[in-house]
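Architecture and fold: a report
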Amino acid sequence: MAKKRPQSKGGNTQQKKQKKAPTGQRPSLAPRATGVVTTGKAKRKKKDDKPPPAQGRKALVVKPARGVAVAETVQLWNVFRKKAIDEATRKKTVDAALSALTGKLYEASLKHDSARVVQALHKFGDSNQRAKIEAELVPRLGELAIRPYARHVALALVKRAADSSQRSARCRAVRGKFRQIAVHAVGAKVADALLQTAPKRDAISLRRELYAVPDADLLKAETLSGILNEVEERRRAPILLGVDATLSKLCDKGLAHYAFAHDLLFERCSSLHNLRELASRTAEAHPHFVSTRSGARASSILATAADAKTRKGLLKKCWRSRAAQASLHARAHVALIRFLDVVDDTKQTGSLISGELGPACAELALDVCGAQVLLSLLVDASSKYLSADVKDVLREDPSSVTIEGAPASRKPRAQRRGELAAHVAPGLKKALETRAPVLLASRSAAPVVIAALSVKPLIGDAELVERVARACLAPAAAFSVPDDDVEAKNPHFGGGDEDDDE
């Protein structure tokens, strides 16, 4: 009789038949006999630490110098930067700190604490100590300029150059990569400082790099317009596209407040090519452009070439809530005058004038620049009361300027000026009624009073003329001239010899 096979306590040991997988699916496999199935995460093998490649972005990462040397130099920095210290002690501590960082100055410039030490070493060191620092750092000025903390060291090297030969050495150190520094969010400030301090010949070479012309050094021309005239016609369009790309980067990265960007924009506008698209592209940066002479002139050119949509954007982004402040600015008032001279939408512009310029008419009239803004709305463009800069920007009538086959402005200049003057008239009337003695005693405001009484709707206001006449006949004590108004103390306001007939 055959013996029965013993059964385990766990029950039936027979394996269940696996279900057939439907078509298109893989059948589930039975667990292997070898190995243990776990729910924990499998351990990954550690990769061997490999050094970074010799090229690429990782090659630019330099491990800063840390440790005992930096700690010692920070302690010495707290000593030699004090004002109440004798020169012998200062020289001794600077030598000690410099010897600890010799060969490591670039790495030390990359950290916030040690970068201050390097700046102070260059500031308080003598000529020999500065020469050691400059010999190590000036050749790497282009790398320092684009690092957040090292940028301050680069600025110190640029601004503290002793003579023209040292300034030229700084310019040669960044030659070939100046455009990359200029459009860099960190390095743009160093680029601006280089152009402000560079000798004339070196500044021309650096500006040529902003034009992105490959063989610019082989050309005789020094400006963008000269280069465009010298090169062949087929090369002009790519050069202008390169300049437009540089300007776009400056505007997109918020670097339009630097002076070199304003100079580049003015040179680009002088080419008179595709200005309408350029005006639309740089509209948001105009509040920065109008702060310098070149930028204000460029803004005036672009306002003339802009279409109605771009001018509406300029009105909102550049002049709204800034009109009164811009009227008192030495450069921005010129750009504002040209914008008011070319805009066709006098309804929206009139609300800007009546809301911002109207209540401040008295303050504007007492200011040299503000008076020019008011006079541009009251008198002809060839008036003797306007300054030379205002006459230059108003030289061309916008209705006679052709942009892409159409006039820059549809309305005649006299009609536009009359419509805008009607918006500023209430503010002028109130200023004449309340502060006529002060306005008449001011050299800048007196022409505004004469022009205001000669335009509509104030020309026929007999009561207002009588009030102004009584103010003229008032005693001298009634003329309350502010102490800080230097021009108001001089009763002569210019305008030829017409006032000699009295």
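All of the points below concern the structure found in this document. All figures in this text were calculated on a predicted structure; none of them were measured in a lab. (Residues numbered from 1 in each chain as written. Predicted model: local features only at pLDDT ≥ 70, side-chain atom pairs only at ≥ 80, totals over all residues. Heavy atoms only, no water.)

For the rest of this paragraph, the subject is the nonpolar core. Residues Leu-121, Leu-137, Phe-178, Ile-227, Phe-260 and Leu-265 are the most contacted members of the largest nonpolar core, which totals 80 residues. Not counting chain neighbours up to four residues away, the residues in contact with Ile-227 comprise Tyr-211, Val-213, Leu-219, Ala-221 and Ile-239. In terms of nonpolar packing, the next biggest core, distinct from the first, is built from 60 residues, Ala-296, Val-373, Tyr-385 and Leu-432 among them. (Core = buried A, V, L, I, M, F, W, Y, C linked by side-chain atoms within 4.5 Å. Buried < 20%, exposed > 50% of the residue type's maximum accessible area, 1.4 Å probe, protein only. Contact = heavy atoms within 4.5 Å.)

A few words on the packing of helix α18 (residues 308-319) against helix α20 (residues 332-342). Taken N-terminus to C-terminus, the directions of α18 and α20 make an angle of 150 degrees; their axes are 12 Å apart at the nearest point. The orientation of α18 with respect to α20, classified from their angle, is roughly antiparallel. Remark: the crossing between α18 and α20 carries left-handed chirality. Contacts from Arg-311, Leu-314, Leu-315 and Trp-319 of α18 reach α20 at Ala-332, Ala-335, Leu-336, Phe-339 and Val-342. Here the residues of the contact of α18 with α20 are counted per class, giving eight nonpolar, no polar and one charged. (Axes fitted to C-alpha atoms, helices over the stretch in contact; angles between N-to-C directions. Helix = DSSP H or I, 4+ residues; strand = E, 2+ residues; numbered from the N terminus. Parallel < 35°, antiparallel > 145°, perpendicular 65-115°, else oblique. Left-handed = near helix turned anticlockwise from the far one by under 90°. Nonpolar A, V, L, I, M, F, W, Y, C, P; charged D, E, K, R; others polar.)

So, on to the environment of Ala-212. Looking at where Ala-212 falls in the secondary structure, it is placed in the loop between α11 (200-210) and α12 (224-230). Ala-212 sits 29 residues away from Leu-241 along the chain, and the two C-alpha atoms are 9.4 Å apart.

This paragraph deals with the pattern of salt bridges. Throughout the structure, instances matching the rule amount to 20 salt bridges. Glu-404 is the salt-bridge partner of Arg-276, the closest N and O atoms lying 4.0 Å from each other. Taken together, the residues Arg-276 in helix α15 (residues 275-281) and Glu-404 in the loop between β1 (402-403) and β2 (406-407) connect sequence positions 128 residues apart. Each of Arg-338, Asp-341 and Arg-413 takes part in a single network of salt bridges with overlapping partners. (Salt bridge = Lys/Arg side-chain N within 4 Å of Asp/Glu carboxyl O.)

Let us look at the environment of Arg-140. Take Arg-140: it is sitting in the loop between α5 (127-137) and α6 (141-145). Classification of Arg-140 by relative accessible area gives partly exposed; the value is 28%. Linking Arg-140 and Tyr-106, residues 34 residues apart in sequence, is a C-alpha distance of 8.1 Å. For Arg-140, the side chain forms a polar contact with the side chain of Glu-143, separated by 3.0 Å. (Polar contact = N/O pair within 3.5 Å; in protein donor to acceptor, adjacent residues only side chain to side chain.)

Moving on, we come to the side chain of Arg-311. Tracing the backbone through its elements, the reader meets Arg-311 in helix α18. In this structure, Arg-311 is buried with no salt-bridge partner, the nearest side chain bearing the opposite charge being Asp-344 at 4.1 Å. Here Val-342 takes part through its backbone oxygen, which lies 3.2 Å from a polar atom of the side chain of Arg-311. Dropping the residues within four chain positions of it, Arg-311 is found in contact with Ala-303, Thr-304, Ala-306, Phe-339, Val-342, Asp-344, Ala-408 and Ser-409. (Lys, Arg positive; Asp, Glu negative; His and termini not counted.)

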